[in-house]
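Breakdown of the fold
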Amino acid sequence: MQIVADKKTLAMRKLLIGGLDLFRKARLGWRRLRGRSEADIYAEQTVSGQAWAAYCDALKSAGAALQFPGTPQDAFNQAEGYRYLSRLTRAGLEAFVEYGDPLTPHLHRLCHETIKLGSDNPDNYYQSCNLDGAYTYRVSGTRGTVAYLSFATKSGHYGQGGSMPPVGEIDAKEMTINSDGTFELFLSRTQHPGNWLPLPESYALFMVRQTHLDREGETIAELQIECLDAPPHEAGRFSPEKLVKGLQSAGTFVA
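The shown structure was predicted, so the numbers you read here are calculated from the model rather than taken from an experiment. (Residues numbered from 1 in each chain as written. Predicted model: local features only at pLDDT ≥ 70, side-chain atom pairs only at ≥ 80, totals over all residues. Heavy atoms only, no water.)

**Quick word on the overall build of the protein**
Keep this limit in mind: We count a stretch as a helix when DSSP gives it H or I for four or more residues in a row; a strand needs E for two or more, and each element gets its number in order from the N terminus. Whether two residues touch is decided by their heavy atoms; if any such pair falls within 4.5 Å, the residues are in contact. Areas reported as accessible are Shrake-Rupley estimates using a 1.4 Å probe. Residue values count occlusion only from the protein chains shown.
A count of helical and extended segments in the protein gives five helices and eight strands. What you see in the protein, going N to C, is helices and strands ordered as α-α-α-α-β-β-β-β-β-β-β-β-α. The long-range fraction of contacts in the protein, counting pairs at least 24 apart against all pairs at least 6 apart in sequence, stands at 71%. Here the protein displays about 14000 Å² of accessible surface, and carbon together with sulfur accounts for 55% of that area.

Next up, the structure:
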């Protein structure tokens, strides 16, 4: 019976996410037919408050998951469920509004002690950021002494609501690291000399996983990432388009 309930829950979640995506595309297409440019549309959605209202509606729809078949209905578990939703809300806003611009990438912790995604390992130190395969990125830093360090790229990102097939992965043991512990890792669609990971043609998720054997005695890798060929007039510039798309991705992520 539990397996049946889980399948129904998964189907309902897919239907919810798919419905949100279709609604957004239909609304954008209709406005284009009326002669509005994308910049006009994003500006209108921002000034009118429609972008924020749509985000709040997505959160409200996500809350319906707590009434799905098989969900515990006692007060304690419902309280934990809403706390889980609040944590996902915080994670989504950080990932797609605060740190969502692939031209100015920032490695952040999507899940940690107070944000849980489910099935995350408490001995892992996770970092990630959203990238765009049209650009080239450089990761630099120090190896540290943590027992396990790996890097991976996936096609798509958490805010799209679909699968994220792997594109590339590399273990620190496979990398060239300088005697002082420093290294560089390049991310691009075309192969780059030295340590390198491939990117897909469009949106990508870059993930770092560090696994502890001794939290008290180990030092994590210190890492930075930069986009090497970002247009100077776009890098770091916030805009209505980035706000609207960020809120849409954040809402889909929670849902």
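**Some points on the sheet that holds strand β6 (residues 196-198)**
The criterion, for reference: Whether two strands pair comes down to DSSP finding at least two bridges between them. As a rule, the C-alpha atoms of each element are fitted with a line to give its axis, helices using only the stretch in contact, and angles between N-to-C directions run from 0 to 180 degrees.
Spatial strand order, β6-β5-β2-β8: four strands in an open sheet with mixed pairing. Only two strands of the sheet have a single partner each, and these edge strands are β6 and β8 (222-227). Adjacent strand axes in the sheet meet at a mean angle of 20° when their direction is disregarded.

**Quick look at the pattern of salt bridges**
Note the cut-off: One speaks of a salt bridge when a side-chain nitrogen belonging to Lys or Arg is within 4 Å of a carboxyl oxygen belonging to Asp or Glu. When accessible area is computed with a 1.4 Å probe and restricted to protein chains, residues below 20% of their type maximum are described as buried, those above 50% as exposed, and intermediate ones as partly exposed.
Counted under the stated rule, the structure contains seven salt bridges. Across the pair E113 and R109 runs a salt bridge whose closest N-O atoms are separated by 3.7 Å. By relative accessible area, which is 22% here, R109 ends up partly exposed. The salt bridge involving K245 is made with E241; its shortest N-O contact spans 2.8 Å. Here E241 and K245 lie together in helix α5 (residues 240-254), a separation of four residues that amounts to about one turn. With a relative accessible area of 30%, K245 lands in the partly exposed category. A relative accessible area of 33% means that E241 is categorised as partly exposed.

**Here's the deal with the environment of N195**
Worth spelling out the cut-off: Pairing of N or O atoms within 3.5 Å defines a polar contact, subject to two protein rules: one partner must be a possible hydrogen donor and the other a possible acceptor, and residues neighboring in sequence count only if both atoms are side-chain atoms.
Structurally, N195 is set in the loop between β5 (182-188) and β6. Between the C-alpha atom of N195 and that of I170, which follows or precedes it by 25 residues, the distance is 8.7 Å. Contact partners of N195, with chain neighbours within four places excluded, come to M175, T176, F183, E184, L185 and F186. A distance of 2.8 Å separates a polar side-chain atom of N195 from the backbone nitrogen of T176.

**Focus on the sheet that holds strand β3 (residues 148-155)**
Read from one edge to the other, the open sheet built from four strands follows the order β1-β7-β3-β4, with strand pairing classed as antiparallel. Of all the strands in the sheet, the pair left with one neighbour each is β1 (124-132) and β4 (166-171). In this sheet, neighbouring strand axes are inclined to one another by 15° on average, regardless of whether the strands run parallel or antiparallel. The sheet contact formed by β3 and β4 spans five bridges and is antiparallel. Each residue of the ladder has a partner; that of K154, found in β4, is P166.

**A look at the packing of aromatic side chains**
Applied cut-off: Classification of ring pairs uses Phe, Tyr and Trp, with its six-membered ring standing for Trp, and accepts pairs whose centres are within 6.5 Å; under 30 degrees between planes counts as stacked, over 60 as edge-to-face, and the remaining range as tilted.
With the rule as written, the count across this model stands at four aromatic pairs. Ring geometry for F96 against F253: centres 6.1 Å apart, planes inclined by 55°, an arrangement best described as tilted. In this pair, F96 sits in helix α4 (residues 75-98) while F253 sits in helix α5, placing the two residues 157 residues apart along the sequence. Across the pair, F253 and F96 agree in class, each one buried. Ring geometry for F151 versus F206: centroids 6.1 Å apart, planes at 0°, classification stacked.

**Re the pairing of strand β2 (residues 137-142)**
Within a regular beta strand, the side chains point alternately toward one face of the sheet and then the other, so they alternate between its two faces. Taken together, the six bridges between β2 and β5 define a ladder with antiparallel strand orientation. When the sheet's bridge partners are listed, V139 is paired in β5 with L185.

**Remarks on the nonpolar core**
The nonpolar side chains of a soluble globular protein tend to be buried, and buried together. What counts is decided by this rule: Residues belong to one nonpolar core when they are buried, are Ala, Val, Leu, Ile, Met, Phe, Trp, Tyr or Cys, and are joined through side-chain atoms within 4.5 Å.
Of all hydrophobic cores here, the largest spans 25 residues; its most connected members are L131, F151, L185, L187, F206 and I225. Those elements that place two or more of their residues in this core are β1, β2, β3, β5, β7 (203-211) and β8. With near-sequence residues (within four places) excluded, F151 lies in contact with G168, E169, I170, M175, F183, L185, L197, F206, M207, V208 and L223.

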